[in-house]
Amino acid sequence: MKTLRKIYCRTFQTGLKIALPFLPYRTPKVAGSVKALPKIIQKKNCRKVLIITDEGIRKLGLTLHLEKALTDAKIPYCIYDKTVANPTTDNVAEAVRLYRKAGCDCIIGFGGGSSMDCAKAVGACIVKPKQSLKKMKGILKVHKKLPLLMAVPTTAGTGSETTLAAVITDGQTRHKYAINDFSLIPRYAVLDPGVTLGLPPFITATTGMDALTHAVEAYIGNSTTYGIQKDALLAVKLIFENIDKAYENGRDATARRNMLHASFYAGCAFSKSYVGYVHAIAHSLGGEYNVPHGLANAVILPMMLEAYGKTIHKKLAHLAIAAGLAEKDTPWEEAAGRFIQAIKDMKKRFGIGDRIPEIQQKDIRKLARYADKEANPLYPVPVLMDASELEPFYYRLMGNKKEIFDRKGETEHDGTGN
């Protein structure tokens, strides 16, 4: 990255870090069961609920307990269940039409990050009916208070129940972008292990590693505070203690509950300190090829940690200690190496590879530009990279080392941007 742009990025990030204590972040109130939602809805004087979920969740019957609770409390509701992975502007428009037609006045996002992101975007469109989602992308473009928004995560990974971001894919261009505003933070998060017990092992693994990526990128970034570090370290500890248990025995309610809380803490951490290039690359792949976000993050994470090199060894050593992989007197470089290797081993246990086969060489330059535009200057990454420095990561994910060699000339580029 050119010097002047580096200065601009770091100045922008420093300004945000200074402003962080004064920004109106809030933590959602936590409920332990979907059975608590009717009382919350009645307390807020809401009359009709729009539940936003996806077809798979509906077919699995995961919404039935919520539906019964609402029915028993005589609270009318309707369901939008067409949300897709990497929700689109078309999903949002359809759900908005249903919300208005049915006369709803509150929203429940029920499912993974896609359903919760769709629910946030619907809320934004309801309060800003004359503004397109595209014009809301970026930071603080919504401004207005949303209808009562509640989030019920059915996966322990996205952390979307805690964050100010909704990631949406343009239905025509397939470009994926984030809308960031404090008003998008759900008022209530329901951490109910009962709705996650039937989650298949592979999704348990990829969403759990999504949460791990949130915690790691939040911790190694340059905008951390004591509170952010505390949440990230706790999330890492809970994930390393519970992800294998949840993967091996999906009916382990304690492990499921602990993973939900890990995801929540990781979400609290990265909603304030942001993420990094792992997410920027993953978002570009999700938008272009519909690659599941947690899977993409899991594949990319150890590669990017190695690329950052010595700049993050101390911080990775702290994470290694939290994960039970190192002692306080373990040399930083050794502890950092153990942490990265533990992630690689975790991927291997869960059957997660090192490639994203959907990547097409002709798209790489465009994808790298998308990642660059998303990450810079917002994400306080340990090492700054521009689009040209991000391109080699796509080639590595594609498994085309020859192209890396050809494009870089005399020596194969190692993906570090150095």
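Just so it is clear, the model here is predicted, and its values are computed rather than measured. (Residues numbered from 1 in each chain as written. Predicted model: local features only at pLDDT ≥ 70, side-chain atom pairs only at ≥ 80, totals over all residues. Heavy atoms only, no water.)

Engineer: How would you summarise the sheet that holds strand 5 (residues 138-139) if you had to cite specific residues and measurements?
Structural biologist: If you walk across this open sheet you meet the three strands as 5-8-7, and the pairing is mixed. Unpaired on one side and paired on the other, strand 5 and strand 7 (165-169) mark the two borders of the sheet. Both strand 7 and strand 8 (residues 176-180) contribute to a ladder of five bridges, which runs antiparallel. For I168, the partnering residue across the bridge sits in strand 8 and is Y177. (Pairing = 2+ DSSP bridges. Helix = DSSP H or I, 4+ residues; strand = E, 2+ residues; numbered from the N terminus.)

Engineer: Residues and numbers for the UniProt feature "domain: Alcohol dehydrogenase iron-type/glycerol dehydrogenase GldA" (unreviewed entry) in the chain, please.
Structural biologist: Per the UniProt entry, the sites bearing "domain: Alcohol dehydrogenase iron-type/glycerol dehydrogenase GldA" (unreviewed entry) are residues 31-193 in this numbering. In residues 31-193, helix accounts for 33% and strand for 22%; the two terminal C-alpha atoms are 11 Å from one another. (UniProt positions renumbered as here; feature names shortened; annotations may be inferred.)

Engineer: How would you explain the UniProt feature "domain: Fe-containing alcohol dehydrogenase-like C-terminal" (unreviewed entry) in the chain if you had to name every residue and give the values?
Structural biologist: In the numbering used here, UniProt assigns the "domain: Fe-containing alcohol dehydrogenase-like C-terminal" (unreviewed entry) feature to residues 204-376. In residues 204-376, helix accounts for 75% and strand for 0%; the two terminal C-alpha atoms are 31 Å from one another.

Engineer: Could you give an account of helix 9 (residues 226-248), naming the residues involved and the relevant values?
Structural biologist: Between the first and last C-alpha of helix 9 there are 34 Å, a value that for 23 residues agrees with the 33 Å anticipated at 1.5 Å per step. Where helix 9 bends most, at N242, the angle is about 40°. Looking at the buried positions of helix 9, the neighbouring elements they touch are helix 8 (201-220), helix 10 (253-273), helix 13 (313-322) and helix 14 (332-349). (Expected span 1.5 Å × (residues − 1). Bend = angle between axes of the 7 residues up to and from the residue. Contact = heavy atoms within 4.5 Å.)

Engineer: Break down the nonpolar core for me, with residues and values.
Structural biologist: Y277, I281, L285, L305 and F339 are the most contacted members of the largest nonpolar core, which has 92 residues in total. Considering every element that reaches this core, the biggest residue donor is helix 12 (residues 293-308), with ten residues. What L285 contacts, discounting residues up to four positions off in sequence, is N290, V291, I300, I356, I359, L367, Y394 and L397. Of all hydrophobic cores here, the second largest spans 28 residues; its members include C125, L133, L149 and L184. (Core = buried A, V, L, I, M, F, W, Y, C linked by side-chain atoms within 4.5 Å. Buried < 20%, exposed > 50% of the residue type's maximum accessible area, 1.4 Å probe, protein only.)

Engineer: How would you explain the state of the cysteines if you had to name every residue and give the values?
Structural biologist: In a disulfide, the sulfur atoms of two cysteines are held together by a covalent bond. As enumerated under the stated definition, the model contains zero disulfides in all. No disulfide involves C104; its sulfur sits 3.5 Å from the nearest other cysteine sulfur, which is in C78. Taking the relative accessible area as the measure of exposure, C104 reaches 8% and is therefore buried. In this structure C125 is not part of a disulfide, and its nearest cysteine sulfur, from C118, lies 9.2 Å away. (Disulfide = S-S within 2.5 Å.)

Engineer: Could you give an account of the pattern of salt bridges, naming the residues involved and the relevant values?
Structural biologist: All chains considered together, the criterion is met by 13 salt bridges. Residue D72 is joined to K68 by a salt bridge in which the shortest nitrogen-to-oxygen separation is 2.8 Å. On the criterion of helical spacing, the pair formed by D72 and K68 is a turn pair, its members being four residues apart in helix 4 (residues 64-72). For D72, a relative accessible area of 52% corresponds to the exposed category. Judged by its relative accessible area of 53%, K68 falls in the exposed class. The residue K237 makes a salt bridge to E241 at a minimum N-O spacing of 2.8 Å. Here the residue K237 and the residue E241 both occupy positions in helix 9, the gap between them amounting to four residues, near one helical turn. Given a relative accessible area of 37%, K237 falls into the partly exposed group. In this structure E241 comes out as partly exposed when scored by relative accessible area, which is 40%. (Salt bridge = Lys/Arg side-chain N within 4 Å of Asp/Glu carboxyl O.)

Engineer: Account for the sheet that holds strand 2 (residues 49-52), with residues named and values stated.
Structural biologist: Across the sheet, which stays open at both edges, the six strands sit in the order 1-9-6-4-2-3 with parallel pairing between neighbours. Among the strands making up the open sheet, the edge pair consists of strand 1 (29-31) and strand 3 (77-80). The mean inter-strand angle of the sheet, taken between neighbouring strand axes irrespective of direction, is 20°. Relative to strand 3, strand 2 runs parallel, the two sharing four bridges. Across the sheet, the residue bridging to L50 is C78, located in strand 3. (Axes fitted to C-alpha atoms, helices over the stretch in contact; angles between N-to-C directions.)

Engineer: Give a description of the environment of N297 that names residues and reports values.
Structural biologist: Tracing the sequence through the fold places N297 in helix 12. Separated by 19 residues in sequence, N297 and V278 have C-alpha atoms that sit 6.1 Å apart. Here N297 is in contact with D210, T213, V278, H279 and A282, once residues within four sequence places are set aside. Within the structure, the side chain of N297 is placed 3.3 Å from the side chain of H279, a separation counted as a polar contact. (Polar contact = N/O pair within 3.5 Å; in protein donor to acceptor, adjacent residues only side chain to side chain.)

Engineer: An account of helix 12 is needed here, citing residue identities and associated values.
Structural biologist: Taking 1.5 Å as the rise per residue, helix 12 with 16 residues should run 22 Å; its terminal C-alpha atoms sit 21 Å apart, in good agreement. The largest bend along helix 12 measures about 35° and falls at I300, with the proline P302 one to four residues further on. By the criterion of burial, helix 12 is predominantly enclosed, with 14 of the 16 residues buried. Phi turns positive, to about 65°, at G309, one or two residues after helix 12.

Engineer: Tell me about the side chain of S273, residues and numbers included.
Structural biologist: By the element assignment, S273 lies in helix 10. For S273, a relative accessible area of 1% puts it in the buried group. Reaching out from S273, the side chain makes a polar contact with the backbone oxygen of A218 at a distance of 3.3 Å.

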